[in-house]
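This is what each chain is made of:
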Amino acid sequence: GYAGGSGSTADYESVSSGRTKHAESVEVRFDPAVITYEQLLNVFFIVAHDPTQVDRQGPDIGSQYRSAIFYADEA
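Bear in mind the structure is a predicted one, so any value in this text is a computation, not a measurement. (Residues numbered from 1 in each chain as written. Predicted model: local features only at pLDDT ≥ 70, side-chain atom pairs only at ≥ 80, totals over all residues. Heavy atoms only, no water.)

A closer look at the pattern of salt bridges
If you walk through the whole model with that rule in mind, you get 1 salt bridge. In this structure, R29 and E27 form a salt bridge, with 2.9 Å as the shortest nitrogen-oxygen distance. Each of the two residues, R29 as well as E27, counts as exposed. (Salt bridge = Lys/Arg side-chain N within 4 Å of Asp/Glu carboxyl O. Buried < 20%, exposed > 50% of the residue type's maximum accessible area, 1.4 Å probe, protein only.)

Put into structure tokens, the structure is as follows:
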């Protein structure tokens, strides 16, 4: 899905252009009895994301590929 920007412009072609102010997003729900939050972050930062790259995820470049982590509650 997409986070930020206007809902009326949240489609793949528009967001991919980088002009909508959206960021591509994914909601992750996890069971802390199976994997801890720390383990989840380790996978994110070691395997899936290079925090030294600004507005980029692998070959994808642009502000729509910026990184952010949002949480639902303190737990």
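So, the packing of aromatic side chains
Under the definition given, this model contains 2 aromatic pairs. Judged by centre distance (6.1 Å) and plane angle (25°), the rings of F30 and Y37 are stacked. On the basis of relative accessibility, which here comes to 30%, the residue F30 falls in the partly exposed class. Look at Y37 and you get partly exposed, because its relative accessible area is 40%. (Phe/Tyr/Trp six-rings, centres within 6.5 Å; stacked < 30°, edge-to-face > 60°.)

Interpretation in functional terms is not warranted from these geometric data alone.
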